[in-house]
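Reading the structure
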Amino acid sequence: MKSITLEDKPYQPNFIHAFYNWLDRLPIPSWLSLLLLFPLIGIVQHLAAYSRGMLAWGEVNFDLATAGYWLIGAPLIGIYVLKGSTQAWDDFLPLLNLNDQETARLYYEYFTIPKWKGIIFMLIGGVVGALNGFSDMAVAPAVDYAFAEMRIGIWILGGAGIVFYYQIFRQLRIIKKLYTSAENVDIFNQQPLYRFPRYTATLGIMVFFYIYLAPLILDPTAFASQVSYVTTLAFAPLILLMFYLPLTGMHQRLVHEKEALITEANDRINRILSEIHQAAFDEKDLTGISGLISVRSVLLDEKKRIEELSTWPWRPGTLRGLLSALLLPVVLSILRDVVTGLLGL
């Protein structure tokens, strides 16, 4: 991808990019660096609880041990948001008739969070996270806030992760624009169309796991209330819309192209049939009919192949995987209730 100079950039990058650049310079993968924070946060909080007499030495508190998840979840998603679809761009570029500057600008906007808008979203998310943290501190067991400053900081930084959802929204808008403006689309070779749907499906699964499936694993009472259960069911269609809406234009385009190809194939078959009828009944000449019949057979095979073409710009397995992931929390919740009922717990 051609780089663009500072003067050409539509906006300055958010400082979060400097953080990820720093992670990239570490001797271990960036995702592993973030994962290492998980046990580290648990250890620090346990040490605070031990020193303040809230836990006996050696006693392990599950909530303290897993609190780090709420800090690293959003940054882990951020790695995928900022780096997870470069191959999709490489595959899709040949379908676009854009000059280098137009392509570079779209690429920059797709992967780069705006400086000030990003800060605004981070501040809003941080304030909401802080409010949730103080609200939780008022009702949670005291041991959960043995290191209150760290725990509130986790709430604030976790809330600031909303900036990645803002960038996801921007990316979906650009994907829709790419699929609308693509000109060199071959309905017989849809491979270049498949990577962006796979990216959005994977992203949807990651977001759903972070927000809903992980709480089900970390908290046995998750989704026990009707409100949480209904909220989960309501969120699943939003993930599906995130996957589907950017691709609607391409779907309609493939439908129209498929219909045009079928119409063209029917016209050719009808012309061959007319020639066969003319030769057999009007001219009484059967010498060339076998050749015409062979051509008709080829045209029928061609029409069958066209009819079997998919007009959905994703692999069937992509949608199945997404649906399975979205239904998993509901299935687990139902199984939990069934097992609990059978065991009389």
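Parameters and conventions
- Note on numbering: residues in each chain are counted from 1, in written sequence order.
- Local features are withheld for residues below a pLDDT of 70 in this predicted model, meaning they are given only at 70 or higher, and side-chain atom pairs are given and counted only at 80 or more; totals for whole chains, interfaces and linings count all residues.
- Hydrogens and waters are ignored; side-chain quantities use all the structure's heavy atoms.
- Put simply, DSSP marks the helices as runs of H or I at least four residues long and the strands as runs of E at least two long, and each gets a number from the N terminus on.
- Any residue under 20% of the maximum accessible area for its type is buried, any over 50% is exposed, and the rest in between are partly exposed; the area is computed with a 1.4 Å probe on protein chains only.
- The contact definition used throughout considers only heavy atoms, calling two residues in contact when any of these lie within 4.5 Å.
- Only the protein chains shown count as covering a residue, and every accessible area follows the Shrake-Rupley method with a 1.4 Å probe.
- N or O atoms within 3.5 Å of each other form a polar contact, as long as, within protein, one can give a hydrogen and the other can take it, and as long as residues adjacent in sequence are counted only when both atoms are side-chain atoms.
- The directions considered for the arc run from the helix axis to the C-beta atoms.
- Per-residue confidence from the prediction method is given by pLDDT, with values spanning 0 to 100.
- Nonpolar cores are built from buried Ala, Val, Leu, Ile, Met, Phe, Trp, Tyr and Cys residues. Side-chain atoms within 4.5 Å join them into one set.

The subject of this paragraph is the overall build of the protein. If you tally the helices and strands in the protein, you get 14 helices and zero strands. Secondary structure elements in the protein, listed N-terminal to C-terminal, are α-α-α-α-α-α-α-α-α-α-α-α-α-α. Taking all 345 residues of the protein together, the buried fraction comes to 41%. Put simply, 81% of the contacts in the protein that link residues at least 6 apart link residues at least 24 apart. Accessible surface, the protein: about 18800 Å² in total, of which carbon and sulfur atoms supply 65%.

This next bit is on the side chain of Arg151. Tracing the backbone through its elements, the reader meets Arg151 in helix H8 (residues 148-160). With a relative accessible area of 7%, Arg151 lands in the buried category. A polar side-chain atom of Arg151 sits 2.8 Å from the main-chain carbonyl oxygen of Asp144.

Next up on the list: the side chain of Ser33. Tracing the backbone shows Ser33 in helix H2 (residues 30-51). Exposure remark for Ser33: the relative accessible area of 12% places this residue in the buried category.

All buried positions along helix H1 (residues 16-25) are accounted for by Ile16, His17, Tyr20 and Leu23. The buried residues of H1 occupy an angular sector of 115° when projected down its axis, which confines them to one face. Structurally, H1 contributes buried residues whose contacts are with H2, helix H4 (69-83), helix H6 (100-111) and helix H9 (162-181).

The subject of this paragraph is the confidence of the model for the protein. Summing up the model confidence of the protein, the mean pLDDT is 84 and the portion of residues at 70 or higher is 86%. Ranking the helices and strands of the protein by mean pLDDT puts H1 first, with 95, and helix H11 (residues 226-244) last, with 71.

Another point: the nonpolar core. Counting residues in hydrophobic clusters, the biggest one holds 58 residues, and the most contacted among them are Trp89, Phe92, Tyr110, Leu178, Tyr179, Leu193 and Phe196. For Phe92, the residues in contact, after removing those within four places along its chain, are Leu178, Tyr179, Ala182, Pro192, Leu193 and Phe196.

One can find Trp314 in the loop between helix H13 (289-307) and helix H14 (316-343). Expressed as a C-alpha distance, the spacing of Trp314 and Pro197, which sit 117 residues apart in the sequence, is 5.9 Å. Aside from chain neighbours lying at most four places away, what touches Trp314 is Tyr194, Pro197, Phe243, Tyr244, Leu247 and Leu319.

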